[in-house]
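Fold and contact review
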Amino acid sequence: MPSSPQFRALSLGAGVQSSTLLALSAEGVLPKVDYAIFADTGWEPQSVYAHLDRLEREIAAPAGIPILRVSSGNIRDDALDPDHRFASMPLYILNADGRPGMTRRQCSGEYKVKPIKKEVRKLLGYPYPTRVPKGVFVEQWIGISTDEFHRAKDADVKYMRNRHPLIDMDWTRSDCIRYLTSLGLADTPKSSCLGCPFHGNAQWRQIRDTSPEEWADVVEFDAAIRKGNARANATGNTLLGQAFLHRSRVPLDQAPIDHVTRAERAVLDAAAEAEAEAAELGVVNGCSPWSCRGDAEQDDFGLAS
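I will try to describe carefully the structure that is included in this document.

In terms of regular secondary structure, the chain is built from 11 helices and 8 strands. Taking the contacts inside the chain whose residues are at least 6 apart along the sequence as the reference set, 70% of them involve residues at least 24 apart. Of the roughly 13,900 Å² of accessible surface on the chain, a fraction of 50% belongs to carbon and sulfur atoms.

What follows is the structure, given as structure tokens:
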């Protein structure tokens, strides 16, 4: 029975922590990973795709680390397609009686975790529905730093065993940012869907103020999902209330995104200089396949605390 992993795979979200792990592995500070797997939702900001291309060109390829891009589809298109089964986004709901609510979050599992598991099984040589033999597993690296240690979890399948090297190294997010800055990667973006409802006000402002085309895209999407996803409407399962991307439960282009939340002020007051710079860039509250940051408590109007 095998007692060592068949290979090491990095779950690459292309945000700060996973980019740090890729670079540390490429430089030989950490053991070399055999693969870095990026789960593409089809609706990442262009800055993330550009950063991923740069990581591949300047970090991964010279070290002989292949970056595998996998996908379960385009989350934006699927939400608006009445013929497509849709794994729901965590939309903010305003019920007809004025009470707030929220739809279930299924998107991380469908568009992040599922395609990574599918790729891992294929690389192992046991694609679904073939059973993976007992004792056969891969070591999967997850980019979680010590300031998010509570998000570190074991894998939910026996053929994947999670490891959190940044926690083992006692590295914080600030350590990661300083390291990336030393490599010329200070502009590493936040990795999450362009229209993720878990964006904080800082991220919404960044999209609005720096990328007019992407801002128009998310405003259009926000209006299009007012009655929920298209598949639900097509099957007669319409919302009794209204759905929104912003926690204030008003249309995104009218939402109070210029409001600086308590959590945002706390980050700016308490963080180190590198962290403050990162907050200004909006590199907070990203989405990891294995630790969606939307699970964090949220301050008024949606900036995770």
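Once you've had a look at it, read on.
Let us now look at the environment of Gln6. Mapped onto the fold, Gln6 is located in the segment before strand E1 (8–11). With 118 residues separating them in the primary sequence, Gln6 and Leu124 have C-alpha atoms 7.4 Å apart. When neighbours within four sequence positions are excluded, Gln6 is seen to be in contact with Leu124, Val136, Phe137 and Val138.

Another point: the sheet that holds strand E2 (residues 35–39). Spatially, the 5 strands line up as an open sheet ordered E3-E2-E1-E6-E7, and their pairing is parallel. Looking at the sheet topology across the chains shown, the edges are occupied by strand E3 (67–70) and strand E7 (160–163). The mean angle between the axes of side-by-side strands here comes to 30 degrees, regardless of whether they run parallel or antiparallel. Bridging between E1 and E2 involves 3 bridges; their strand directions are parallel. Within E2, the residue paired with Leu10 across the bridge is Ala36. Helix H4 (residues 107–124) rests against E1, E2, E3, strand E6 (138–141) and E7 of the sheet, and its axis sits at about 145 degrees to E2.

So, on to the sheet that holds strand E4 (residues 92–94). One open sheet holds the 3 strands; their spatial order is E5-E4-E8, and the pairing between them is antiparallel. At either margin of the open sheet sits one strand with a lone partner, and together these are strand E5 (100–102) and strand E8 (242–244). The sheet shows a mean angle of 35 degrees between the axes of neighbouring strands, taken without regard to direction.

Quick look at the nonpolar core now. Membership of the largest hydrophobic core comes to 29 residues, with the highest contact counts inside it found for Leu10, Leu12, Leu22, Ala36, Ile65 and Ile67. Broken down by secondary-structure element, the contributors of at least two residues to this core are helix H1 (16–27), E2, helix H2 (46–63) and helix H6 (173–182). Tallying contributions element by element places H2 first for this core, with 7 residues. Within the second largest apolar cluster, 27 residues are counted, among which are Ile75, Leu91, Cys193 and Trp215.

Our focus in this paragraph is the pattern of salt bridges. The full count for this structure, using the stated rule, is 21 salt bridges. Note that Arg178 is salt-bridged to Asp175, the shortest N-O span being 2.8 Å. Of this pair, Arg178 and Asp175 are both found in helix H6, 3 residues apart, which corresponds to roughly one turn of the helix. You can call Arg178 partly exposed: its relative accessible area is 45%. Among the residues examined, Asp175 registers a relative accessible area of 22% and is labelled partly exposed. Notably, a salt bridge pairs Asp222 with Arg226, separated by 3.0 Å at the nearest N-O pair. As far as burial versus exposure is concerned, Asp222 and Arg226 are alike and both buried. Through salt bridges that share partners, Arg8, Glu139, Arg163 and Asp168 make up one connected network.

Where helix H7 (residues 201–210) contacts helix H8 (residues 212–224), the axes come no closer than 5 Å and their chain directions differ by 125 degrees. Considering their axes alone, H7 and H8 lie oblique with respect to each other. Contacts between H7 and H8 involve Trp204, Ile207, Arg208 and Thr210 from the former and Pro212, Glu214, Trp215 and Val218 from the latter. Taken together, the residues of the contact of H7 with H8 break down into 5 nonpolar, 1 polar and 2 charged.

With that settled, consider the packing of aromatic side chains. Evaluation of the coordinates by the stated rule reveals 3 aromatic pairs. Where Trp171 meets Tyr179, the ring centres are 5.6 Å apart and the plane angle is 65 degrees; that geometry is what we call edge-to-face. This pair shows no difference in class: Trp171 is buried, exactly as Tyr179 is.

Time to look at the side chain of Arg226. The topology assignment puts Arg226 in the loop between H8 and helix H9 (230–234). In this structure Arg226 comes out as buried when scored by relative accessible area, which is 14%. For Arg226, the residues in contact, after removing those within four places along its chain, are Leu239, Gly241, Gln242, Ala243, Phe244 and Pro251.

Relative to the 18 Å expected for 13 residues at 1.5 Å per residue, H8 spans 18 Å between its end C-alpha atoms, a close match to the ideal helical length. Among all positions of H8, only Glu214, Trp215, Asp217, Val218, Val219, Phe221 and Asp222 are buried. For H8, the elements touching its buried residues are H2, helix H3 (75–79), H7 and E8.

Criteria and cut-off values
Residues numbered from 1 in each chain as written. Predicted model: local features only at pLDDT ≥ 70, side-chain atom pairs only at ≥ 80, totals over all residues. Heavy atoms only, no water. Helix = DSSP H or I, 4+ residues; strand = E, 2+ residues; numbered from the N terminus. Contact = heavy atoms within 4.5 Å. Areas by Shrake-Rupley, 256 points an atom, 1.4 Å probe, with all protein chains shown as cover. Pairing = 2+ DSSP bridges. Axes fitted to C-alpha atoms, helices over the stretch in contact; angles between N-to-C directions. Core = buried A, V, L, I, M, F, W, Y, C linked by side-chain atoms within 4.5 Å. Buried < 20%, exposed > 50% of the residue type's maximum accessible area, 1.4 Å probe, protein only. Salt bridge = Lys/Arg side-chain N within 4 Å of Asp/Glu carboxyl O. Parallel < 35°, antiparallel > 145°, perpendicular 65-115°, else oblique. Nonpolar A, V, L, I, M, F, W, Y, C, P; charged D, E, K, R; others polar. Phe/Tyr/Trp six-rings, centres within 6.5 Å; stacked < 30°, edge-to-face > 60°. Expected span 1.5 Å × (residues − 1).

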